[in-house]
Amino acid sequence: MNRKKINSARMPVYRDSGFELLNSKLTAETFRQETENNREPENYIYSRYRNPTVVSAENEVIKLENCNWALLTQSGMSAIDTALSVFQKGKNTRPWLFFSEIYGGSISYVESVLKQRRGIDAHYFNPSGESYILKDFEKTLRILKPELVYVESVSNPMLIVADIPALVKIAKKADCRVILDNTFATPYLFRPLECGVDLVIHSVTKYLSGHGNISAGVVCGNDEQLLKKAIEYRKFVGHMMSPDDAYRLETQIKTFSLRFQCQCDNAFRLAAYLSENKKIERVWYPGLVSHGTYEVARKLFNTKGFGAMITFDLKGRSKAEKAVKRDRFISEVSESIKLIPTLGDPDTILMPVEAVWGAKYPEPGMIRLSVGFEEYQGLENIISSALKKL
Ligand SMILES: *Cc1c(COP(=O)(O)O)cnc(C)c1O
């Protein structure tokens, strides 16, 4: 069959598992080129290695993060695995330092994969109260001498914002690499590679895809050596994203900035509303002056916004009363605000903090909101009428 070139304006979904190589000469040449681990190969071989639809979606992420390269993977966790494995050398002689407030799945990965299975000497850096103290960080690096630091721009569920440019400066002086999970801040608020972070990862499942219908991750960087290692690792372990998901991501990511801007605006208004409500004890939102890292957030995000996550604590005379009020609130809003264990969805969704982070935050009145991009006043009305009934 003669396959005519179609004048499509969009990258199609290439579902090929293997691509046609015609003859042994081209095969030999293509396999030789494959050892160079280029992100966009001249000829494709096999979709686990590279896929043109995935490459096309990666180019959209590159524009957003303003970086040299991006590699998509089939989940945020596989992006984290890829980024960290780039620095693994069989026997790592220096320890790795993880910020203690990172995503729960990442902590589980450190404990069960890095420490137990791979023998990595992993340590944690704790915040002091509701912020990270730079002096403590400097001291930890001096004593521990880690070869890499792993941090999130905004923590979960307390929304502690890390002063990334300052942390990077300290880390570089200590000859230490920095890997950053930028899922919560997104490239809309902050582009970490511009201040010297070595690798940025995202759970694309969240804001970048933004519709709660794709599971994906991405590793972004500028360094060519790191790119080659990451491509090899993704290929050999099989972390490649599916072309169908890549196609949908490429469509959805085009509205990312619009969506996230609206989510930040909604969250800012809602946080202000909640902090004035008498049924509420306290609100954690980096855009409120009362938050421990308000100043850091203002500097880092350049007043563009403060993210779209809010955590609040309901008032109650006892833990038992708080738990009753929490359950009443969740049930009152459940028609519109669903309890879904993810974030970055189009609609506002919630999570009871104690049920997930109970060991760390045994607070029965606490609820975490992932604010959506629905029309604002309707959202406030739903929450306000639920609070009135408590
Ligand atoms: C969800 C999440 C992850 C994990 O991503 P998956 O797509 O679920 O694998 C990592 N980091 C943060 C901050 C997250 O919120």
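Residues numbered from 1 in each chain as written. Predicted model: local features only at pLDDT ≥ 70, side-chain atom pairs only at ≥ 80, totals over all residues. Heavy atoms only, no water.

## Considering the environment of Gly90
Inference 1: With respect to the helices and strands, Gly90 occurs in the loop between helix H3 (76–85) and strand S2 (96–99).
Inference 2: A sequence separation of 28 residues divides Gly90 from Arg118, and the C-alpha atoms of the two residues are 8.5 Å apart. (Helix = DSSP H or I, 4+ residues; strand = E, 2+ residues; numbered from the N terminus.)

## What to know about the nonpolar core
Inference 1: Leu84, Ile164, Leu274, Ile310, Phe329 and Leu369 are the most contacted members of the largest nonpolar core, which totals 117 residues.
Inference 2: Residue contributions to this core peak at seven residues, all from helix H10 (residues 256–276).
Inference 3: Other than its neighbours up to four places away in sequence, Leu84 contacts Trp96, Phe98, Tyr109, Leu114, Leu148, Tyr150 and Ile179. (Core = buried A, V, L, I, M, F, W, Y, C linked by side-chain atoms within 4.5 Å. Buried < 20%, exposed > 50% of the residue type's maximum accessible area, 1.4 Å probe, protein only. Contact = heavy atoms within 4.5 Å.)

## Things to note about the packing of aromatic side chains
Inference 1: Within the structure shown, the criterion is met by 15 aromatic pairs.
Inference 2: Judged by centre distance (4.7 Å) and plane angle (70°), the ring pair of Tyr207 and Phe260 falls under edge-to-face. Highlighted residues: Tyr207 in the loop between strand S6 (199–203) and strand S7 (217–221) and Phe260 in helix H10, separated in sequence by 53 residues.
Inference 3: Using a relative accessible area of 0% as the deciding quantity, one classes Phe260 as buried.
Inference 4: An aromatic cluster is defined as three or more aromatic residues linked by ring pairs; in this entry it consists of Phe99, Phe125, Tyr132 and Phe137.
Inference 5: We note Lys206 situated over the ring of Tyr103; from NZ or CZ to the ring centre the distance is 5.2 Å.
Inference 6: Above the plane of the ring of Tyr188 lies Lys304, whose end atom (NZ or CZ) is 4.3 Å from the centre. (Phe/Tyr/Trp six-rings, centres within 6.5 Å; stacked < 30°, edge-to-face > 60°. Lys NZ or Arg CZ within 6 Å of the ring centre and 35° of its normal.)

## Remarks on unusual backbone geometry
Peptide bonds are, in most cases, trans, and in most cases residues other than glycine have a negative phi.
Inference 1: Here the amide bond leading from Asn156 into Pro157 is cis, since omega sits at 5°, within 30 degrees of zero.
Inference 2: Secondary-structure assignment places Pro157 in the loop between strand S4 (148–152) and helix H6 (164–173).
Inference 3: Phi angles above zero are rare outside glycine, and Leu159 is one such case at about 60°.
Inference 4: Structurally, the position occupied by Leu159 is in the loop between S4 and H6.
Inference 5: For Leu159, a relative accessible area of 1% puts it in the buried group.
Inference 6: The residue Thr303 is not glycine, and still its phi comes out positive at about 55°.
Inference 7: Within the secondary structure layout, Thr303 lies in the loop between helix H11 (294–300) and strand S9 (309–314).
Inference 8: When its relative accessible area of 59% is taken as the criterion, Thr303 is described as exposed.

## Brief notes about the site of the ligand
Inference 1: The environment of the ligand is made up of 14 residues, and the closest members are Met77, Asp181, Ser203, Thr205 and Lys206.
Inference 2: One nitrogen or oxygen atom from the main chain of Met77 is found 2.9 Å from an oxygen atom belonging to the ligand.
Inference 3: In the environment of the ligand, an oxygen atom lies 2.6 Å from a nitrogen or oxygen atom belonging to the side chain of Thr205.
Inference 4: Expressed as a share of its isolated accessible area of 380 Å², the protein-covered part of the ligand is 91%.
Inference 5: When residues in the shell around the ligand are grouped by element, the largest group, three residues, is from H3.
Inference 6: Partitioned by chemical class, the residues of the shell around the ligand number six nonpolar, five polar and three charged. (Near = heavy atom within 4 Å. Polar contact = N/O pair within 3.5 Å; in protein donor to acceptor, adjacent residues only side chain to side chain. Areas by Shrake-Rupley, 256 points an atom, 1.4 Å probe, with all protein chains shown as cover. Nonpolar A, V, L, I, M, F, W, Y, C, P; charged D, E, K, R; others polar.)

## Observations concerning the packing of helix H5 (residues 134–144) against H6
Inference 1: Two elements in contact, H5 and H6, have axes whose closest approach is 10 Å; the angle formed by their N-to-C orientations is 25°. When the interaxial angle is binned, H5 and H6 end up roughly parallel. Two packed elements cross with a definite hand, and for H5 against H6 that hand is right-handed. Residues Leu134, Phe137, Glu138 and Leu141 of H5 lie in contact with H6, whose contacting residues are Ala166, Leu167, Ile170 and Ala171.
Inference 2: The class makeup of the residues in the contact of H5 with H6 is seven nonpolar, no polar and one charged. (Axes fitted to C-alpha atoms, helices over the stretch in contact; angles between N-to-C directions. Parallel < 35°, antiparallel > 145°, perpendicular 65-115°, else oblique. Left-handed = near helix turned anticlockwise from the far one by under 90°.)

## Observations regarding the environment of Ser257
Inference 1: With respect to the helices and strands, Ser257 occurs in helix H10.
Inference 2: Along the sequence, Ser257 and Lys145 sit 112 residues apart, while their C-alpha atoms lie 38 Å from each other.
Inference 3: Each residue touching Ser257, except ones within four places of it in the same chain, is listed here: Leu64 and Tyr188.

## Some thoughts on H3
Inference 1: By the criterion of burial, H3 is predominantly enclosed, with nine of the 10 residues buried.
Inference 2: Those residues of H3 not exposed but buried are Gly76, Ser78, Ala79, Ile80, Asp81, Thr82, Ala83, Leu84 and Ser85.

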